[in-house]
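These are the residues of each chain, in order.
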Amino acid sequence: TIAATGDATDFGDLTTTRNGCGGCSSSTRGLWVGGTAGPAYTNVIEYAELMTLGNAIDFGDLVTANSISFGTVSSPTRGITGGGLHNPSSPVTTDQIDLIIIASKGDSVDSGGDLTRSRRECAGASNNVRGVFGGGDDPVVSTIDYITLASLGNAINFGELSTKRTNAKGVSSQRRALFVGGTPSYPAGVNIIEYVEIATTGNTRDFGDLSVARRSLGGVSDCHGGLGGY
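Draft legend 1. Molecular detail of the pattern of salt bridges. Counted under the stated rule, the structure contains eight salt bridges. Close ionic contact of Arg120 with Asp137 constitutes a salt bridge, the shortest N to O distance being 3.5 Å. Here Asp137 lies in the loop between β15 (130-134) and β16 (143-148) and Arg120 lies in the loop between β13 (109-114) and β14 (123-126), a separation of 17 residues in the sequence. Owing to a relative accessible area of 23%, Arg120 belongs among the partly exposed residues under this scheme. Across the pair Arg175 and Glu197 runs a salt bridge, and its minimum N-O distance is 3.0 Å. In this pair, Arg175 is assigned in the loop between β18 (169-172) and β19 (176-180) and Glu197 in strand β20 (residues 190-197), connecting sequence segments 22 residues apart. The class of Arg175 is exposed, set by a relative accessible area of 53%. A residue is classified by how much of its surface remains accessible, and Glu197, at 18% relative accessible area, is buried.

Draft legend 2. Fine view of the confidence of the model for the protein chain. Here the protein chain averages 90 in pLDDT, and 96% of its residues register 70 or above. Ignoring residues within four places in sequence, the model shows residues 224-230, a span with pLDDT below 50, making 16 contacts including any to other chains.

Draft legend 3. Region of interest: the sheet that holds β20. What the four strands build is an open sheet, ordered β18-β19-β20-β21; its pairing is antiparallel. One side of each edge strand has no neighbouring strand; the edge strands of this open sheet are β18 and β21 (205-214). Taken over all neighbouring pairs, the strand axes of this sheet differ in orientation by 25 degrees on average, direction set aside. Judged from the four bridges that link them, β18 and β19 form a sheet pairing that is antiparallel. Counterpart to Lys169 in the pairing with β19 is Val180.

The rules we used
- Position numbers for residues count from 1 along each chain, tracking the sequence in the order it is written.
- pLDDT decides what is reported in this predicted model: residues at 70 or higher carry local features, side-chain atom pairs at 80 or more are listed and counted, and totals for whole chains, interfaces and linings draw on all residues regardless.
- The basis for every side-chain value is the complete set of non-hydrogen atoms in the structure, without hydrogens or water.
- Here, a salt bridge means any Lys or Arg side-chain nitrogen found within 4 Å of an Asp or Glu carboxyl oxygen.
- Put simply, DSSP H or I for four residues or longer makes a helix, DSSP E for two residues or longer makes a strand, and each gets a number counted from the N terminus.
- Categorising residues by exposure relies on relative accessible area from a 1.4 Å probe, with only protein chains included: less than 20% of the type maximum marks a residue as buried, more than 50% marks it as exposed, and the intermediate range marks it as partly exposed.
- Confidence of the predictor at the level of single residues is given by pLDDT, which spans 0 to 100.
- We call two residues in contact whenever any of their non-hydrogen atoms come within 4.5 Å of each other.
- DSSP-based pairing: two strands are paired if at least 2 bridges between them are found.
- Note on definitions: angles span 0 to 180 degrees between N-to-C directions of axes, and those axes are lines fitted to C-alpha atoms, for helices only across the stretch in contact.

Put into structure tokens, the structure is as follows:
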């Protein structure tokens, strides 16, 4: 419960053990998208109702089977994945943007648009209007793109992170998107926290530092108008 502090409590389980999945949500549902279980990638999308406790339920499948390491953003009605890595036997980095309708169950669809460049492990953050994707790998970049969540089409350049890095995490309020941690080169992490104003375009500004340098971290936030990112 974000408004309180304290240890996490058990909520339930995913249908399968996996890592490298993406996450998106509405005010009532949380979705987990793609990922990998051992050497195999998965195209599974599953969901849970946020106000209840219990295990995840099958939602549908990604439009492209065997996908991991994408950025994810969401509006109150849509979940969107950007970039990622396809095909474990011969990995291919993509610029593809896919769309999920959160209120209904079913497979994702190709949005018809793409990121400005192919990349994996980019950070995603959004408010109700825009989604932003920052950084990523193949090669490591500082590029930030944005999309308008209510429409379909290609991403547009937003600005740049302060440094090239991948495996950062994004969190957001209705006003700001924060890009947190990440790595310019494995295995070193960084402690950087920086932000952009989502309604504008431009480069990031310094926000502060993490307590320790790290990469591949998780991040969530509520969106009540404050900055409560965790």
